[in-house]
Amino acid sequence: MKFKNQQQQTKNFFDQEVYKWAERSKKNQNIFQNTIQQRNNFVSKLAKEKKIRTHLDVGCGAGDLLDMTSPFVDLGIGVDFSSKMIEVAKKKLVRNKGVLLSNASIFEFVFNKKVNLVSANGFIEYLTIKEIKDFFLLVYKNLTKNGYFVFSSRNRLFNLFSLNKFSELELNESLFFKFYKESIDLTNHSFKQYVKSQIIPLVEVKYKQPKTNIKVDVRHQFSPLQLIGILTKLNFKIIDLSPINYHPVTPSMFSKNEEFKKISNVINYKIISDEEKIKLIPFSSTFMLVVKK
């Protein structure tokens, strides 16, 4: 497959950072868990609760999520376009007989049968808008009846509350007030009320994205309603929405003090109920969406 510049940059970055990324992905039972670990824990818990039998992890990386779900899943399948990530995953999962790994783009991967669960953590941000829509359709076609699709997205709503360069750039975007209204709805409505809100168009930002620690020029951010709009058109049922990497303070303060990260984890996982958790989404850098076929 010939990669676009966005995907080539992504592949180059993860090929170079493979061992650092693998270290960050390791399962962690401590209070402080980074974004990767929080996302993996969320998917693993879902797979166990829903008694998933076949699990496909797209962009599986070093294989930690598959390692977590393998004790209660009959078949785990990992797909990643980075051969170096697959090499690390194979070493980690050498004793997991119920796991298959494939070094391929998901758009070229051959589905031998439909699966009960598809997960995609830290994946759609590296696709074009058209590819995201194509990916959602691909997932729908290859899920079993009543199968689940769970994935993460970088949270564009967070730009309004991070009070940094991203915030300044959002001020001039045409969707700014729609995102602000969505944030208000998240903090004042129930989940059932919120998912019935007016959909926001799925479009690319006009501004050049500020640099982050991930050396890829374009890493998309979306609000939940932008993605919900596409998913409902495909006849997915919206099941759950959950915050990841909640910030009790602005990112500039959050990055300087590990205690804030501990507070983030305690609030997110120990205090907030399922009914209340969507209220944290405007202040979280990432969110998880769960949908059902």
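Refer to the structure presented above.
All values derive from a computational prediction rather than experimental measurement.

*Asks:* Help me out: how do you make sense of the nonpolar core in this one?
*Replies:* In summary, soluble globular proteins display a tendency toward joint burial of nonpolar side chains. One finds L56, F135, F136 and F149 to be the most contacted residues of the largest nonpolar core, which totals 46 residues. Setting aside residues no more than four positions away along its own chain, F136 makes contact with I124, F149, F151, L227, I230, L231, L234 and F236. Listed in part, the 13 residues of the second largest apolar core include L65, V150, I244 and M288.

*Asks:* How should I be thinking about the pattern of salt bridges in this particular structure?
*Replies:* Working definition: two side chains of opposite charge can pair if their charged atoms are close together. With the rule as written, the count across this model stands at 12 salt bridges. With a closest N to O distance of 3.4 Å, E258 and K261 form a salt bridge. Placement of the pair is E258 and K261 together in helix α13 (residues 258-271), with a separation of 3 residues, close to one helical turn. We note a salt bridge from K277 to D274, for which the minimum N-O separation is 3.9 Å. What makes D274 exposed here is its relative accessible area of 58%. Several salt bridges share partner residues, and in doing so they unite R156, E170 and E173 into one network.

*Asks:* I would appreciate a short explanation of empty space enclosed by the protein in the present structure.
*Replies:* Picture a little ball the size of a water molecule; that probe, rolled over the atoms, points out where space is still empty. Inspection of every chain in the model, using the stated rule, returns 1 cavity of 30 Å³ or more. Volume-wise, the largest cavity comes out at about 30 Å³. In terms of lining, the largest cavity is formed by V203, E204, V205, Q209, H220, Q221 and F222. A breakdown of the residues in the lining of the largest cavity according to their chemical character gives 3 nonpolar, 3 polar and 1 charged.

*Asks:* Help me understand the sheet that holds strand β4 (residues 115-120) in this model?
*Replies:* Consider a sheet: its strands pair through backbone hydrogen bonds, and that pairing is either parallel or antiparallel. An order of β3-β2-β1-β4-β5-β7-β6 is seen for the 7 strands of this open sheet, with the pairing classed as mixed. The sheet terminates laterally at β3 (99-103) and β6 (237-246), the two strands that pair on one side only. Across the sheet, the mean angle separating the axes of adjacent strands is 15 degrees when strand polarity is ignored. Judged from the 5 bridges that link them, strand β1 (residues 54-58) and strand β2 (residues 75-80) form a sheet pairing that is parallel. Each residue of the ladder has a partner; that of V58, found in β2, is V79. Strands β1, β4 and β5 (143-154) of the sheet are contacted by helix α6 (residues 129-142), whose axis makes an angle of about 150 degrees with β5.

*Asks:* What should I look at first to understand the side chain of S264 in this one?
*Replies:* Considering the arrangement of structural elements, one finds S264 in helix α13. For S264, a relative accessible area of 1% translates into the label buried. Polar side-chain contacts of S264 include one of 2.5 Å to the backbone oxygen of Y246. Non-local contacts of S264, meaning those with residues more than four positions away in its chain, are made with N245, Y246, P248 and F254.

*Asks:* Help me understand the environment of S197 in this model?
*Replies:* By the secondary structure assignment, S197 is in the loop between α10 (191-194) and α11 (224-233). Put simply, S197 and Q8 are 189 residues apart on the chain and 36 Å apart in space, counted from C-alpha to C-alpha. If we ignore the near neighbours within four places in the chain, the residues touching S197 are D185 and L225. Reaching out from S197, the side chain makes a polar contact with the backbone oxygen of Y194 at a distance of 2.7 Å.

Parameters at a glance
Residues numbered from 1 in each chain as written. Predicted model: local features only at pLDDT ≥ 70, side-chain atom pairs only at ≥ 80, totals over all residues. Heavy atoms only, no water. Core = buried A, V, L, I, M, F, W, Y, C linked by side-chain atoms within 4.5 Å. Buried < 20%, exposed > 50% of the residue type's maximum accessible area, 1.4 Å probe, protein only. Contact = heavy atoms within 4.5 Å. Salt bridge = Lys/Arg side-chain N within 4 Å of Asp/Glu carboxyl O. Helix = DSSP H or I, 4+ residues; strand = E, 2+ residues; numbered from the N terminus. 1 Å grid on protein atoms, 1.4 Å probe; cavity = no way out; pocket = protein on both sides within 12 Å on 5 of 7 lines; lining within 4 Å. Points joined across faces, edges and corners; volume = space filled by probe spheres on them. Nonpolar A, V, L, I, M, F, W, Y, C, P; charged D, E, K, R; others polar. Pairing = 2+ DSSP bridges. Axes fitted to C-alpha atoms, helices over the stretch in contact; angles between N-to-C directions. Polar contact = N/O pair within 3.5 Å; in protein donor to acceptor, adjacent residues only side chain to side chain.

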